[in-house]
Structures are given as C-alpha cells and as structure tokens.
Amino acid sequence: MSILIDKNIKVLVQGLTGKEGLFHTEQMMNYGTSIVGGITPGKGGKVYLGVPIFNTVEEAIKNTGGNVSVIFVPHSFASDAIFESISANVELIVCITEGIPVSDMIKVKHFLKEKKSCLIGPNCPGIISPEESKVGIMPNSVFRKKGRIGIISRSGTLTYEAADQIVKLGYGISTAIGIGGDTIVGMNIKDIMKLFLEDKETECIVMIGEIGGRLEIEAAECMNKLNNKKPIVGFIAGQTAPKGKTMGHAGAIIEKKIETAQVKMNIMEKNGIHIVKSPADIGMTVYKVLH
C-alpha cells in the first residue's frame, strides 16, 4: 500500500508551461499520473500536453477537482505558489524548486500550522508509488516494482540508488519520498516514518539522512518511544564532512557535535536502527534484516 499518493490522485502542476514543468509533466504522465491541470498566471485557457492551463490554483480546483499540486515555479515566486496552494486547501503540495530563501520558508511553515495541507519539500525529488503514481522528478525506470519497502530520504540521488538496489534483489517499493535537503522543509522524517508505521503493507523502512540538523535523531527517538517493530535501515551521508562547511544541500552543514554523521549513527543504532556505513550496502542490508 502507498502513503500520501495513489492512482486516484488528481495532480495540478504549478509552472507547467516552463521548460522544467513541461519536461517533468510529460514524465509523470508517462508513469500513469493523472495530471488534470496546470497553473501559469496569464496563460489561462491555453492547453499544453493536452492539459488545460488556468490562471490560479483556485480556478484549477473548481474546474478539475485537483487535490495535489507539484511546484516547478522559479525560486523568486515559489513561496507565493506554496501559499496559493495552501490557501486553496490543496491536500498535498510537493515543491521541487530549490533556492527558496529560509525567511520565506519560515513564513510558509508558520502558515501551514493552522491549515489542512501537507507539504513535501522544497528542493526535493518528490514522491513515487510504483505502479500507481508519481509526483515530482524521480526517474521512471528505477521505480518499476511495487512492494513493501518504504524509503524516506534527504537526498534525491541516494533515493534512486537505494531503490535500484532493493529492486535488483527482488523486492519492491511501497512509496519513496524525498523530503528535501534544505534547512526548513515541510513534512520531516519523523512525520513520514509515522505514516509508514501505520501502513500495514510496508514491512521495512529505509531512512537516508545527512549531516546537519536533528531530523534523523528525532525520528529514531520517536520510533523507540512508539515501540516500533518494523525493521529500519539507516544511512547518513557526509561522514567525512568537516565542521562548518556546507556539503551539497543547504541543510547539510555541521554546526554542533550532535549533527555529525557518526554521532547521528550512534544514536540511531542505540534506538534499534540497522546502520549502513556505505550506500552500496543499503539493498543487501534490507535483504539481511528481512531474512
């Protein structure tokens, strides 16, 4: 069973008419995702890839019944696009855009608290549920088999690598979610982990984290308190990163000792997570814990 998305979702693409929006909209459609509308102010009434374009999210929802939005809007306007979808009560918002100012995301997080919308991202690859639907930019070819392994990741590339290993060993993916690597994101690792724990068909969870922040630690401690019985395989990227230097993502920077890869891995292991020291061993570790 999938979490957050399934074959019945109706997706709106904010920024569909741009270069990235067009390319990835076509990829999502090829994967089987139901794209019901696009939003580009000033281009309402036009049709791209057979999809009607609207000037506002509210107008698109009224005409299509869309309940999920994916954002390919440039960073200067991306927070406004998120606010628009939240205000229109879109159930799930996936923001692919990178480079959104932290000050903007602080406002978004505050606005989300009193609303019903869930946000994935920004600066993320999105969500995919094999054989059902894809919202974002994950490669179609890798996620070809439905199964019982859930993936949560702060890294897009490592999400694809883990999924590829798992599928080659004969398993499938229930849902893979890239939450994004920025300092401030919508749903965090703990939020997603709880959804996987509630999903009766997800038997094992792969958690891919990075240096910086406490998201992985908070998730590990929460799982312990909940007396989780599902095996969790964990990997932390950036094990050789020096303190104070940003590595890749905006959120991947060590400020305190507890944010280092080794300390995170120690805490995760203490809370029952099966630690992988190399990303090349993720798939085999999943195989071992399930046998």
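Parameters and conventions
- Each chain has its residues counted from 1, following the order in which its sequence is written.
- Only residues with pLDDT of at least 70 are given local features in this predicted model, and only at 80 or more are side-chain atom pairs given and counted; all residues enter the totals for whole chains, interfaces and linings.
- As a rule here, side-chain values cover all heavy atoms of the structure and leave hydrogens and water aside.
- Strands here mean DSSP runs of E at least two residues long; helices mean DSSP runs of H or I at least four residues long; both are numbered from the N terminus.
- The rule is simple: take the accessible area with a 1.4 Å probe, protein chains only, and divide by the maximum for that residue type; under 20% is buried, over 50% is exposed, in between is partly exposed.
- Polar contacts here mean pairs of N or O atoms no more than 3.5 Å apart (in protein, one a potential hydrogen donor and the other a potential acceptor; neighbouring residues in sequence count only if both atoms are side-chain atoms).
- The contact rule is simple, with two residues in contact once any of their heavy atoms fall within 4.5 Å.
- DSSP bridges decide pairing: two strands pair if at least two such bridges lie between them.
- Throughout, an axis means a line fitted to C-alpha atoms (over the contacting stretch in the case of helices), and angles, computed between N-to-C directions, take values from 0 to 180 degrees.

## Some remarks on the side chain of Thr33
Mapped onto the fold, Thr33 is located in the loop between α1 (19-31) and β2 (35-39). For Thr33, a relative accessible area of 6% translates into the label buried. Among the polar contacts made by the side chain of Thr33, one reaches the main-chain carbonyl oxygen of Lys134 at a distance of 2.8 Å. Excluding anything up to four places from it in sequence, Thr33 contacts Val11, Met28, Ser133 and Lys134.

## Some points on the sheet that holds strand β7 (residues 118-120)
Hydrogen bonds along the backbone pair up the strands of a sheet, which may run parallel or antiparallel. Strands sit in the order β3-β4-β2-β1-β5-β6-β7 across an open sheet of seven strands; the sheet is mixed. Strand pairing shows two members of the sheet lacking a second neighbour, β3 (47-48) and β7, which therefore form its edges. Taken together, the four bridges between strand β1 (residues 11-14) and strand β5 (residues 68-71) define a ladder with parallel strand orientation. Residue pairing in the sheet places Val11 in a bridge with Val68 of β5. Along the sheet face, α1 touches β1, β2, β3, β4 (51-54) and β5 and points at about 170° away from the line of β2. The sheet contacts of helix α3 (residues 75-87) involve β1, β5, β6 (92-95) and β7, and relative to β6 the element is tilted by about 170°.

## Digging into unusual backbone geometry
Put simply, Gly121 and Pro122 share a cis peptide bond, and its omega is 10°. The residue Asn89 is not glycine, and still its phi comes out positive at about 60°. Residue placement: Asn89 occurs in the loop between α3 and β6. Assessed through its relative accessible area of 49%, Asn89 is described here as partly exposed. For Asn123, which is not glycine, the phi torsion reads 55° and is therefore positive.

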